[in-house]
Amino acid sequence: LCFHYDNNPLYHSFCENKGFDPHNFTGSLAEIPPVQVSVFKELGRQLNSVPKESIKLTLQSSATSGIPSSVPLDSITSKRQAKTMVKVIGDYIGNERKPFLIMDVDPALGFREILGARYAAVSGYLNFASEAGYFLKVDNDSRRYYFDIEGIKDFISNKLLPDLQSAVVFGFTYILYSEVLRPLSEQGVFFKLPSGSKVIHIGGWKKLEDEKISKEQFNDLAAKVFGVSPVDVIDVYGFTEQMGLNYPDCPCGCKHVPLYSEVIIRDVITKEPLSSGQQGLLELISPI
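In what follows, the accompanying structure is described. Starting from 1, residues in each chain are numbered consecutively following that chain's sequence as written. With the structure being a predicted model, the display of local features is reserved for residues of pLDDT at least 70 and the display and counting of side-chain atom pairs for 80 or more, all residues being used for whole-chain, interface and lining totals. With hydrogens and water set aside, each side-chain value is computed from the structure's full complement of heavy atoms.

1. Here we look at the sheet that holds strand E10 (residues 247-248)
Consideration 1: Should DSSP find at least two bridges between two strands, the strands are taken to pair. Each helix is a run of H or I in the DSSP string that is no shorter than four residues. Each strand is a run of E no shorter than two, and both are numbered from the N terminus. Strand order across the open sheet formed by six strands is E4-E3-E7-E8-E9-E10, with mixed pairing between neighbours. Edge positions in the sheet fall to strand E4 (129-134) and E10, since each of these pairs with one other strand and no more.
Consideration 2: Across three bridges, strand E3 (residues 98-102) lies against strand E7 (residues 168-172) in parallel orientation. If you follow Phe100 over to E7, its bridge partner there is Val168.
Consideration 3: Residue contacts are defined here by distance: any two heavy atoms, one from each residue, within 4.5 Å place the two residues in contact. Here, axes are lines fitted to C-alpha atoms. For helices the fit covers the stretch in contact, and angles between N-to-C directions go from 0 to 180 degrees. Contacts from helix H8 (residues 173-187) reach E7, strand E8 (198-202) and strand E9 (233-237), with the element oriented near 100 degrees to E7.
Consideration 4: Packing of helix H10 (residues 215-226) onto the sheet brings it into contact with E7, E8 and E9, and relative to E9 it is tilted by some 130 degrees.

2. A look at the packing of H8 against H10
Consideration 1: As a packed pair, H8 and H10 sit with axes 10 Å apart at the nearest point and diverge in direction by 55 degrees. Taken as axis vectors, H8 and H10 run oblique relative to one another. Of the two elements, H8 crosses H10, and the hand of that crossing is left-handed. Judged by residue contacts, Thr173, Leu176, Tyr177, Val180, Leu181, Arg182, Leu184 and Ser185 of H8 engage Phe218, Leu221, Ala222, Val225 and Phe226 from H10.
Consideration 2: Three classes are used, and their members are as follows: Ala, Val, Leu, Ile, Met, Phe, Trp, Tyr, Cys and Pro are nonpolar, Asp, Glu, Lys and Arg are charged, and the others, Gly among them, are polar. When the residues that make up the contact of H8 with H10 are grouped by side-chain class, the tally is ten nonpolar, two polar and one charged. An angle below 35 degrees is treated as roughly parallel, one above 145 as roughly antiparallel, one from 65 to 115 as roughly perpendicular, and anything else as oblique. With the far helix as reference, a near helix turned anticlockwise by less than a right angle produces a left-handed crossing, and one turned clockwise produces a right-handed crossing.

3. Describing the nonpolar core
Consideration 1: Counting 35 residues, the largest nonpolar core has Leu101, Met103, Phe147, Phe218 and Phe226 as its most contacted members.
Consideration 2: Ignoring anything within four residues of it in the chain, the contact list for Met103 reads Phe135, Leu136, Phe147, Ile152, Val169, Phe170, Gly171, Ile175, Leu176, Val180 and Phe226.
Consideration 3: Here, nonpolar core refers to any group of buried Ala, Val, Leu, Ile, Met, Phe, Trp, Tyr and Cys residues whose side-chain atoms link them within 4.5 Å. Exposure categories follow from relative accessible area, calculated using a 1.4 Å probe and restricted to protein chains: below 20% of the type maximum is buried, above 50% is exposed, and the middle band is partly exposed. Met85, Tyr125, Val168 and Val236 belong to the second-largest nonpolar core, a separate cluster that totals 18 residues.

4. What to know about the environment of Phe40
Consideration 1: By secondary structure assignment, the location of Phe40 is in helix H3 (residues 37-43).
Consideration 2: Separated by 29 residues in the primary sequence, Phe40 and Ser69 place their C-alpha atoms 4.9 Å from one another.
Consideration 3: Excluding anything up to four places from it in sequence, Phe40 contacts Val35, Leu47, Pro68, Ser69, Ser70, Val71 and Glu241.

Okay, structure coming up:
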């Protein structure tokens, strides 16, 4: 806090307006003034606490609900994020690299404009991959997606089955459902991945909620299409403003807070912290 207070004029002014001096602070985390997500949407590119020449890249959110957030990163922060992600996700899929079956477009084919913010997320998960296959293709004429059924059959037969190598299916929740799970199940196309394989999906539920698809329905369908247990279908919550930190489902379907962050639930009106079991606004704090 002191570093950002001393090195970012906008955050310094914010703290002064709140009457908050981190150099003389001895209270609880809940007493630190929270920064609203809207700040990253409106002022994100100015929220760097290091010289501009130290900025390695600026992440942008997918902006499914309006203006994207912008988050500038230096190389130190980027490395911390990568290390944290390996620690958290490794607890769910193991620390050994596995083949990844990615239900998205191969960025090497030049479709960055279609991938958008998904590119950064896919890149992060490739840290866990021994090799990767991409099975969502784009028709050059219509620019519409189609699923490469023969390609994934070849990958499973040649890469996984000879040694019964467990794998990870990775995709974005809505795309995985709309472009893979629903059409394959309607066509009667199902696979059987080796024991220990997982399905990981990220990216939010808003569009599926609009279609009245529950989490249980999604898990059952994913398990059926890829031949895994429903408990091996893992929904991961995360967001660009806190890249690297992930909040995956446990086998019971609940999300847990990793060691690298704290979660505070605040009253929507008063912004006061709430006790266990009450619903409110999520505030997430991390030193990463």
